[in-house]
Each structure stands twice: as C-alpha cells, then as structure tokens.
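Given next are the chains, with one letter for each unit.
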Amino acid sequence: MSLKFAANLTLLWRELPYLDRFEAAADAGFEAVEVLFPYDVAAKETLGALQANGQRMILINAPPPNYTGGDRGFAAVPAAAERFQYDMKRVFRYAEALGVTFVHVMTGEGEGPACKQTLIDNLRWAAGAAPKGVTLTLEPLNPVAMPGYFLNDYDLAAEVLAAVDASNVGLQYDSYHAQVIHEDAVAVYEAHRDLIRHIQIGDTPERGAPGTGDIDFDALFNAVAASNYAGWVSAEYHPHGRTEDTLHWMQS
C-alpha cells in the first residue's frame, strides 16, 4: 500500500511568502497541504491558492493565536470554557470556507483532573458543534518543545478520547513528539494506531526531515502501510535549508 504525503506550509518553504508556498508544494508533488494558523489571511485568498494549484487543505489548528500574550490553546483550561466555544465558532467558519478535513484542538497548559475533565467537556461540545465532515484531533506535544502543555502523553490522549466517545474526534500522531515523549515512535504508532486519524512526520532531536535523526522511518512507514491507514502523512519539519533539498524521503 502506497502512502499519501502532504506538506505543512507553516514549516516548509518558509523562505517564500505564504501564498507562494502552495505553488511550490504543488511543483514538488503535494496534492494536499496543511497550515497551522491561517487566520491572518482572508479565507478567500487561501482558498484561491488552493484552487489555483489543485490542492486540498487537510488541517488547521485551533484556536486562533492569542495576540494578547496568553497561552496557545486553552481547551483544558477550566476558566476558559466560554472563550473556547467563542473561538471555536470562528475556527469552524474557516474550516468550512477552506474545506478542511481536520481541526487540531490545542489543550493549553495545565495538569490534573480538573484540566482533564474540562478538556473532555469542551471536546464533547465541539464534537456536536463541528461542521459535517470535520474531524477534531488531539495531538500530544512533548515537554521539551511545549513545557507545561497538558496533553503530553499518548496514553492520556487515549483516555480522553475514550471519555469523549465521539466518532468525529480522534488522535493526531506526530513522529517527532512520539519519539521525544516515549522514545520509540514506531511502538507508539503500533500501540495507538486504531485511534489515529491523521499523521505528521518529523525526525528527532531537532524536528528535521525524515532520515536526518533517530527515528527508523523505514519501520514507521512499513507499520503505517501494514495498518491500512488510508489518510494523509503530512511533512511537518524544519528543512534547515531549501525545502526541495530535503524531500529525498518521499522517494525512498
């Protein structure tokens, strides 16, 4: 089974203006893209770039950035439930306008049972409010890259998803974070593959291109293919140079 690769345009082709990255990705063979925070650009401009290059937008992050200096994400913050619902409504408008498949819901900082229950309650609400065809995802982020982030463990993510128990809420797997958190990205994939709706890839320790660090990507890609995963595998890494020069992993 061949894998379908997508490009994260927040990290790739950063040397280009935002709207020019879509054409660069298309020239490299990417038919699908994701943008973590597209909210600074009118949705119609992003949609125009997608249509001009025959691409689809598969993922955006939620909520929009907080320009007042607050935390990035707050789905697990007990005092922010009202704000969560307000901001998610804006996210859903963008998702509908761009035809987005996945919305990654960021939890924000915190720890303990109150944060966990807040996240569960917020996701239950969001699952009911999400537009048809949009799946919400949770992604554990490692404590080196995101100190204090609530969702910092794949087993914790599985517990939250079981409690939410909604067909349009699933797990977002990232090889970089999985390796840093649990020291074996392949084992994490195997353990949680039934929950995974979307995959992102980057190597450790510096979130470089696949094949530049510690992760066994041959084993990971074989595991993904053997699991009959039918979704996109999105390149989300720091090129450390021209993006075109780092795409050898697609051929191998």
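Just above, that's the structure.
Not measured: the values here are computed from a predicted model.

J.: What should I look at first to understand the layout of surface pockets in this one?
T.: To find leftover empty space, a probe the size of one water molecule is rolled over the atoms. Estimates place the volume of the second largest pocket at around 200 Å³. Contributing to the lining of the second largest pocket are 14 residues, with T10, Y18, V35, F37 and P38 lying nearest its centre. Residue composition of the lining of the second largest pocket, by class: 10 nonpolar, 1 polar and 3 charged.

J.: Please clarify how the nonpolar core should be interpreted in this entry.
T.: Nonpolar side chains in soluble globular proteins tend to be buried together. In this structure, V103 and Y173 are the most contacted members of the largest nonpolar core, which totals 83 residues. It is helix α3 (residues 81-98) that provides the largest number of residues to this core, a total of 7 residues. Leaving out residues up to four positions away in the same chain, Y173 has contacts with Y154, A178, A185, V186, V188, Y189, I196, H198, I199, Q200 and L220. Counting residues in each nonpolar core, the second largest holds 8 residues, with A6, L59, F102 and W232 among its members.

J.: Looking at this structure, how should I read the environment of R56?
T.: Here R56 lies in strand β3 (residues 56-62). Residue class for R56 comes out partly exposed when judged on its relative accessible area of 41%. When the C-alpha atoms of R56 and L98 are compared, they prove to be 8.1 Å apart, with 42 residues separating the residues in sequence. For R56, the residues in contact, after removing those within four places along its chain, are E31, A32, V33, L50, T101 and W232. A distance of 3.2 Å separates the side chain of R56 from the side chain of T101, its partner in a polar contact.

Each value, and the rule that gives it
Residues numbered from 1 in each chain as written. Predicted model: local features only at pLDDT ≥ 70, side-chain atom pairs only at ≥ 80, totals over all residues. Heavy atoms only, no water. 1 Å grid on protein atoms, 1.4 Å probe; cavity = no way out; pocket = protein on both sides within 12 Å on 5 of 7 lines; lining within 4 Å. Points joined across faces, edges and corners; volume = space filled by probe spheres on them. Nonpolar A, V, L, I, M, F, W, Y, C, P; charged D, E, K, R; others polar. Core = buried A, V, L, I, M, F, W, Y, C linked by side-chain atoms within 4.5 Å. Buried < 20%, exposed > 50% of the residue type's maximum accessible area, 1.4 Å probe, protein only. Helix = DSSP H or I, 4+ residues; strand = E, 2+ residues; numbered from the N terminus. Contact = heavy atoms within 4.5 Å. Polar contact = N/O pair within 3.5 Å; in protein donor to acceptor, adjacent residues only side chain to side chain.

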